[in-house]
Structures are given as C-alpha cells and as structure tokens.
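The residues making up each chain are set out below.
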Amino acid sequence: MKYDLLIVGGGPAGLAAAIHARARDKSALVISNEPTASALCRAPAMANYPGLPGITGLELVKRLVEQARDMGAEFKRGRALSVMPLGSSVMVSVENDAAEGRAVLLAPGVTRAAPLNGEEELLGRGVSYCATCDGMFYRGKDVVCAGDAPNFSQEVEFLRSIGCRVTVKRLAGLEVLGEDRVSGVRDASGEETPCQGVFLLRASIAPARLAPGLELQDGYIKVDGHMATSLPGVYAAGDCTGQPLQLAKAVGQGQAAAHFAIEAMG
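This is a predicted model, so every value here is computed, not measured.

Student: Mind showing me how you'd approach the packing of aromatic side chains here?
Tutor: Aromatic rings in a pair are described by how distant their centres are and how their planes are angled relative to each other. Under the definition given, this model contains one aromatic pair. Taken together, a centroid distance of 5.5 Å and an interplanar angle of 80 degrees make the contact between Y138 and F199 edge-to-face. Placement of Y138 in the loop between α3 (131–134) and β8 (142–147) and of F199 in strand β13 (residues 197–201) is noted, with a sequence separation of 61 residues between them. F199 matches Y138 in its accessibility class, with the two residues each being buried. Here the basic side chain of R69 rests over the ring of F75, its NZ or CZ set 4.6 Å away from the ring centre.

Student: What is the right way to read the packing of helix α1 (residues 12–23) against helix α2 (residues 57–70) from this model?
Tutor: Relative placement of two packed helices is described by the angle separating their axes and the distance separating the axes. Following both chains from N to C, one finds α1 and α2 inclined at 25 degrees, their axes separated by 9 Å at the closest point. Here α1 lies roughly parallel to α2, going by the angle between them. Every pair of crossing elements has a handedness; the one defined by α1 and α2 is left-handed. Only V61, L64, V65, Q67 and A68 of α2 make contact with α1, whose side of the interface consists of P12, L15, A18 and I19. Grouping the constituent residues of the contact of α1 with α2 by class yields eight nonpolar, one polar and no charged.

Student: Whenever I open this one, the sheet that holds strand β11 (residues 182–186) confuses me. Can you help?
Tutor: The strand order across the open sheet built from three strands is β10-β11-β12, with neighbouring strands paired in antiparallel fashion. Every interior strand has two partners, whereas the edge strands, β10 (175–178) and β12 (192–194), have only one. On average, each strand axis in the sheet is inclined to that of its neighbour by 30 degrees, with strand direction left out of account. Two elements, β10 and β11, share four bridges in a ladder whose sense is antiparallel. Looking across to β11, one finds that G178 is bridged to V182.

Student: Please explain the state of the cysteines as it appears in this structure.
Tutor: The bond known as a disulfide is covalent and runs between the sulfur atoms of two cysteines. Tallying each qualifying case throughout the model produces one disulfide. Put simply, C130 and C133 are joined by a disulfide, and their sulfur atoms are 2.3 Å apart. Between C130 and C133, the S-S torsion sits near 70 degrees, and that sign places the bridge as right-handed. The exposure class assigned to C133 is partly exposed, which follows from its relative accessible area of 28%. Free of any disulfide, C145 has its nearest neighbouring cysteine sulfur in C164, separated by 8.1 Å. Residue class for C145 comes out buried when judged on its relative accessible area of 0%.

Each value, and the rule that gives it
Residues numbered from 1 in each chain as written. Predicted model: local features only at pLDDT ≥ 70, side-chain atom pairs only at ≥ 80, totals over all residues. Heavy atoms only, no water. Phe/Tyr/Trp six-rings, centres within 6.5 Å; stacked < 30°, edge-to-face > 60°. Helix = DSSP H or I, 4+ residues; strand = E, 2+ residues; numbered from the N terminus. Buried < 20%, exposed > 50% of the residue type's maximum accessible area, 1.4 Å probe, protein only. Lys NZ or Arg CZ within 6 Å of the ring centre and 35° of its normal. Axes fitted to C-alpha atoms, helices over the stretch in contact; angles between N-to-C directions. Parallel < 35°, antiparallel > 145°, perpendicular 65-115°, else oblique. Left-handed = near helix turned anticlockwise from the far one by under 90°. Contact = heavy atoms within 4.5 Å. Nonpolar A, V, L, I, M, F, W, Y, C, P; charged D, E, K, R; others polar. Pairing = 2+ DSSP bridges. Disulfide = S-S within 2.5 Å.

Nothing here speaks to function; it is geometry throughout.
This is the structure in structure tokens:
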C-alpha cells in the first residue's frame, strides 16, 4: 500500500502530523518504536503546555496516540533504517520491511549519539543496523552486537539462532576496525575482538545517516518555511529541526509540516 504520508517518529511532532493528515482525509503511517518509551513519557508534569497544566508526559502521549489511531492513522513498530526519495514517492526501509509514501515527515526527536570511529566508512561493508535484514550474510561467522534498541536481545538471539558467533559489546568508546571491510572492533578498554560483522542496534538512527544527502545546520535538520528539507518529498518537524526543544513547538511544527506536505501533493 502506498500512503499519502509516512511519519518517522511517534512523538508529539509525528503524532500531531498524523492527526492533521487524517483530518485532511489523507492516509498516514507512523513508523516508530513504542511511543510511550520516549523520554517525554518520564516527565511527571508538563507545566508549560497550553491548556493542559499538570498533565504527565505519559498521559499526553497516550492521548495523542489514541486520537491519531481513532482518526484512522496506522502504526508500524520498528526502526526506520533508510529514507530514499524515488521520483513521485519516498521509500522508507523498516528493519526487514519497507513502506512507500507520497511524502515523508522526519520527526525522530534528537539523536545525540555521534557515529563510532570507522562506522560510516565501513557501513555496508560489515557494519549493519539490522540483524534480521543482514544476518544471513554472516551465518557461521563472528559478529559483534552493540546498542540500545528495544529489541536488542531478540536481534542477538536471532543471530545466534542462524549460526552466528555473537559477542556483545557496549557502544561507548567502541571503534570499528578494518580497511576495505570490517576486521574487528576495539572497546573502550583497548581490547580488540576480531569479527566479520558489526551490528549497531541503536534505538534510532541519526537523520544524516537515515537519509543520505540531507542538509544539516548546527547539527539539526535544515528546513525552510514550509518545513521542507533539502530532499524532495521529505519534511521534518520537532526537536530534530533545532532549538527551542519544546513540546508546543514540536506539535505546531508537526501540524504545519503535514499541512504543507499535503498541499504539495495537489
């Protein structure tokens, strides 16, 4: 199925966009990890969100999810791995699946993790972000897994189940070694572990790695007055677009991005 709007991120910006899309009778698919696992949901009270003083972050997100779902928005659980504009549509790969839309809205929040040494140079040459997508290439081989994805343990067990010899490492201070292909990793203590594959299973992927060619400004996604990015058919909203990192801004930008994306569809 081809959706009108694909939304990467189930926080306030993404959910506001889904609600607006459905109000305009456009199909919307929200791609995210469990929305109630976000940092916002740990806030005991929201003091500065208009009209709902004292509401907890968890209750607010639950209400947004319920409203979007009741209006007909669809949800897909998983990590978005790549965004690729293709003429009149945009493809988003989601672990071992994919979704197609007329436009995509990036609303992943702030991803603060910097790439590991060697990660970008060896991406696709031994570095992978998805065990179920690429694990079969490493059957019977030594691999290293590191990350904080909600399904991290399941991904590790999947690799073991298909015959990979898995070593689990912490992300902090990890370096990926190799020239033309991955040859191993070095952890923060200096210990080196030889391997043929490295699976970096983060909860989310930084926008610049998610959508190659995406223009950034001061580390955030650069958008114009219509919330459009430098890539055709790709919009952005919320904390990923920069300061101020405020809930009300995220909701407003999500609504605006969906509005302009739909307008551009004609």
